[in-house]
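Read off the chains here:
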Amino acid sequence: MLLEAIQSGWVAPLGPMVDAFEAEMASRVGVGHAVALSSGTAALHLALLGLGVGPGDVVITSTLTFAATANAIVYTGAEPFFVDVLPETGNMDPEALKRALTSLGDKVGAVIPVDMLGKMADYTTLEPIIADYGIPMVCDAAEAVGSSHAGRPAGSFGQASIFSFNGNKIMTTSGGGMLLTNDGDLASHARYLGTQARQPVPWYQHEDIGFNYRMSNLLAAVGRAQLMRLDDMIARRKELRILYKDFFAEVPGVTILGGHDDSSDNSWLTSIMIDTEVAGFSPTVLAEHLASERIEARPLWKPMHLQPVFAETRGEITGVAQKLFEAGLTLPSGSVLTDTGRDRILGTLATFVSQQEVGK
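On a predicted model such as this, the values are computed, not experimentally measured, just so you know. (Residues numbered from 1 in each chain as written. Predicted model: local features only at pLDDT ≥ 70, side-chain atom pairs only at ≥ 80, totals over all residues. Heavy atoms only, no water.)

Comments concerning the overall build of the chain
Check the secondary structure of the chain and you find 12 helices and 13 strands. In summary, the chain has a C-alpha radius of gyration of 21 Å against a globular reference of 21 Å for 360 residues, a match within 12%. In terms of principal-axis extent, the alpha carbons of the chain reach across some 75 × 55 × 35 Å. When each of the 360 residues of the chain is scored for burial, the buried share is 53%. Here the contacts in the chain between residues at least 6 apart in sequence split such that 71% fall between residues at least 24 apart. Carbon and sulfur atoms provide 54% of the accessible area of the chain, an area that totals close to 15500 Å². (Helix = DSSP H or I, 4+ residues; strand = E, 2+ residues; numbered from the N terminus. Rg over C-alpha atoms; globule rule 2.2 N^0.38 Å. Buried < 20%, exposed > 50% of the residue type's maximum accessible area, 1.4 Å probe, protein only. Contact = heavy atoms within 4.5 Å. Areas by Shrake-Rupley, 256 points an atom, 1.4 Å probe, with all protein chains shown as cover.)

See below:
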């Protein structure tokens, strides 16, 4: 597909591959419209603008997320408000959301739940809460392509949802994202603003401030090829998740975040939670041991309310996200890991655990 795109001469933003990628993704998710963009952040930004979010508004989102979620809110001139999460999943806490909505009243312009590490938020509970307040919901499904909740695919919830196709995601266009919605006007507005707000006349004419946010034809070709492989890539990650679950089932004090019910997850990343007192070792010590064997492991997202740039930002904080951050460690989870690579990782983990048991 990439060669076809190059040979067609369409290398700049837009083109037949973009159109096809949008149609294929909209069909897979089951929504009326998909808008291919330069990043998931761009998709969040345009979704919020399309819903009229701006200065004077407050947008509620999960504190346990990547900075892009909060940054997109700030781009609109609105104020982020961080809500804490559930300990089992790392996703938005419905009770904390209720308290936030009650305290903020009519200042809330939107709510952005985040699908943490490919596990979708509890939309069965969140959706009616948000709807009761008449507030639009934009779903940050950046990490959840291919996941589902209650039989509905990621990308199909809310007034709009967004995906990320960044290089580290389960499917990638090297850099890119997508806005998904059943609202034709919202999709059209996103296309307009994302193409520098160019007016439909022969010359360059602009009546609004726009953005250079559209996806290139070449990257859309990569996305189409990745979409064809998505189910296989998810299956590979699920296999690795099962291996990790089986291994840590025998290690006291270590659990898989969200692993108690993950059949509908895409298993994008597998993170373990380590109770240091029970396990006898900390996430830092394990990460250092893995690094000594040239195996990368990373901490869980640092909550937004703990980030210096958002130190003065308001929120409904229970302390759960901070505990998950302190206890969490994300293990190698890629779908391109070979069987040899998997065996090396598991062998290194086994050696580490044995050493801890001997040292007790």
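Describing the packing of helix α3 (residues 40-50) against helix α4 (residues 67-75)
Interaxial distance between α3 and α4 falls to 9 Å at its minimum, and their mutual angle equals 40 degrees. Of the possible angle classes, the one that applies to α3 and α4 is oblique. For the pair α3 and α4, the sense of crossing is right-handed. Between α3, through Thr41, Leu44, His45 and Leu48, and α4, the contact on the second element is made entirely by Ala68, Thr69, Ala72, Ile73 and Tyr75. (Axes fitted to C-alpha atoms, helices over the stretch in contact; angles between N-to-C directions. Parallel < 35°, antiparallel > 145°, perpendicular 65-115°, else oblique. Left-handed = near helix turned anticlockwise from the far one by under 90°.)

Thoughts on the pattern of salt bridges
Here the structure, examined in full by the defined rule, presents 13 salt bridges. A salt bridge links Glu79 to Arg314, with the nearest nitrogen and oxygen atoms 2.9 Å apart. Within this pair, whereas Glu79 is found in strand β3 (residues 79-83), its partner Arg314 is found in the loop between α10 (283-292) and β12 (315-316), the two being separated by 235 residues in sequence. Overall, Arg314 belongs to the partly exposed group, its relative accessible area being 36%. One salt bridge in this structure joins Glu316 and Arg99, with 2.9 Å as the shortest N-O distance. Here Glu316 is found in strand β12, whereas its partner Arg99 is found in helix α5 (residues 94-104), with 217 residues between them in sequence. Here the salt bridges share partners, and the residues they tie into one network are Glu22, Arg191 and Arg214. (Salt bridge = Lys/Arg side-chain N within 4 Å of Asp/Glu carboxyl O.)

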